[in-house]
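# Structural description and commentary
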Amino acid sequence: MLQNINEPSKKRKRKHSELNQGEIDSQIFHEKIRSVILEGTKSLVDSARSRGYLTGATAAVTEPLPLQECSLAALCEMAKELPLVDDEEQEERVQPLVAEDGCTSHVDLFSQVTENRADWAAVVTLMGEEYVIPPHTAFLLSDFTQIQPLVHYGRKFDLIVMDPPWENKSVKRSRRYSSLPSSQLKRLPIALLASTNCLVVTWVTNRPSHLRFVRDELYPHWGIEVLAEWFWVKVTTSGQFVFPLDSPHKKPYEVLVLGRYRSSADTAISSSEASEVPVEDGCLIVSVPSALHSQKPSLSEVLKPYVGAEASCLELFARSLQPGWTSWGNEVLKFQHSSYFTLTPTDDPADISKDEVCADKPLVTPAFNNSPEGSSPPHH
């Protein structure tokens, strides 16, 4: 059969009424949780408005977002070419960001965990760029192949939060960040990082296949008991859904799967397990999303009742740092670049101690707030 090459090829167009299995599964899942999202969001938005939030009075961000191109992932690739340091030969598992004299110490970001032990944020130059490092923060810049320094850090964590770079079509089109096949997540050494009954929280896209993978494969593989699914509902500054609730393309919510690590060595119910606070299913978190792409709200305060105020906390696949947390990822400093902050020198010398004078430390204010107006606690 001959075909004129100048004639456009005829492709069978899918009818609008035809849905693939993934779309059918998404529709079923949406119908299942729709009333919970609708009623819970209304309750939280009404509560926020009664307190003066979500009134639409907040002005939108008018200045352009920073165009700082993050090269951290590329640097991680380059670091793979460096000779590996034998764990037994490496005496120091951790390095201070700021030396005792108040000056930034020479840091190896790729093979040691770096700590800012100070009570203030530090603005430091790393790899030729300025970054803002929050107080009491630890981080490791690496990918899967260089995660061992985190394992040998010597800490077990009571809370582990992760936002994996899930594979999907929009990510491939935008190329904003590299994605990771779901099966690769099983390589994470959760058993070596989690304390007994550690609360593990995973952000999941709205693809039912990802949700099933976390619940039925990933958590069981790690020895985690699934406890609950929560929902983050994204609203505007006036309290409306950022997308129509029934939109077939984008939904105004994302899912979190919560579970607790149960060590296989502990067959009997431990005292900590007996006293742990039960995690309720179907809770809602309602907030205005950050202006930064894919930036999730901080869960520190929301999860504190379930892990305690003194919990040791870890974020995996992090792209920013939180005070008091340890963070890991190949873009762990991405949103700590100084271009995302407003740096204001301290005006009153009386507020500066002698130790602080030599360091010339600025006050640091995020230019794009990650805890925007209207952030509400979970709705049960």
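Bear in mind that the values here come from a model prediction, so they are computed numbers and not experimental data. Residue numbers restart at each chain and count upward from 1, following the sequence in its written direction. Per-residue local features are limited, in this predicted model, to residues with pLDDT of at least 70; the limit for side-chain atom pairs, both in listing and counting, is 80 or more; totals at the level of whole chains, interfaces and linings are taken over all residues. As a rule here, side-chain values cover all heavy atoms of the structure and leave hydrogens and water aside.

### Comments concerning the overall build of the protein
Counting from the N terminus, the helices are DSSP H or I runs at least four residues long and the strands are E runs at least two residues long. Check the secondary structure of the protein and you find nine helices and 14 strands. Within the span of the protein, comprising 380 residues, buried residues form 43% of the whole. By the convention used here, residues are in contact when the closest approach between their heavy atoms is within 4.5 Å. Once local pairs closer than 6 in sequence are excluded, the contacts in the protein between residues at least 24 apart make up 72%. In the structure as shown, the protein presents an accessible area of about 21200 Å², 52% of it carried by carbon and sulfur atoms. Here's how the labels work: a residue is buried when its accessible area is under 20% of the maximum for its type, exposed when over 50%, partly exposed in between, all with a 1.4 Å probe on protein chains only. Note on areas: these come from Shrake-Rupley sampling with a 1.4 Å probe, and a residue is covered only by the protein chains present in the view.

### Comments concerning the sheet that holds strand E8 (residues 224-234)
Whether two strands pair depends on DSSP finding at least two bridges between them. In space, the 10 strands of this open sheet follow the order E1-E2-E5-E12-E11-E6-E7-E9-E8-E10, with mixed pairing throughout. Sheet topology places strand E1 (94-96) and strand E10 (284-287) at the edges, where each strand pairs with a single neighbour. Sheet twist, expressed as the average angle between the axes of neighbouring strands with direction ignored, equals 20°. The sheet contact formed by strand E5 (residues 137-141) and strand E12 (residues 325-329) spans four bridges and is parallel. Residue pairing in the sheet places Leu141 in a bridge with Gly329 of E12. Whenever a helix is involved, its axis is fitted only over the stretch in contact; in every case the axis is a line through C-alpha atoms, and angles between N-to-C directions fall within 0 to 180 degrees. Lying over the sheet, helix H1 (residues 21-50) contacts E8, strand E9 (253-261) and E10, oriented at roughly 60° with respect to E10.

### Details of the pattern of salt bridges
Once the charged atoms of two side chains with opposite charge are near each other, the side chains can pair. The salt bridge definition used is simple: a Lys or Arg side-chain nitrogen within 4 Å of an Asp or Glu carboxyl oxygen. One pass over the structure, following the stated rule, counts 13 salt bridges. Asp163 is the salt-bridge partner of Lys296, the closest N and O atoms lying 3.0 Å from each other. Placement of Lys296 in the loop between E10 and helix H8 (300-307) and of Asp163 in the loop between strand E6 (157-162) and helix H4 (169-174) is noted, with a sequence separation of 133 residues between them. Of the two residues examined, Lys296 and Asp163, each falls in the buried class.

### Re the nonpolar core
Take the buried residues of types Ala, Val, Leu, Ile, Met, Phe, Trp, Tyr and Cys, join any two whose side-chain atoms come within 4.5 Å, and each joined set is a nonpolar core. In this structure, Leu150, Ile160, Met162, Leu188, Ile190, Leu316 and Phe317 are the most contacted members of the largest nonpolar core, which totals 51 residues. Residues within four places of Leu150 in sequence aside, it is in contact with Val113, Leu140, Leu193, Leu314, Leu316, Thr326 and Trp328. Listed in part, the 20 residues of the second largest apolar core include Val161, Trp232, Leu258 and Cys283.

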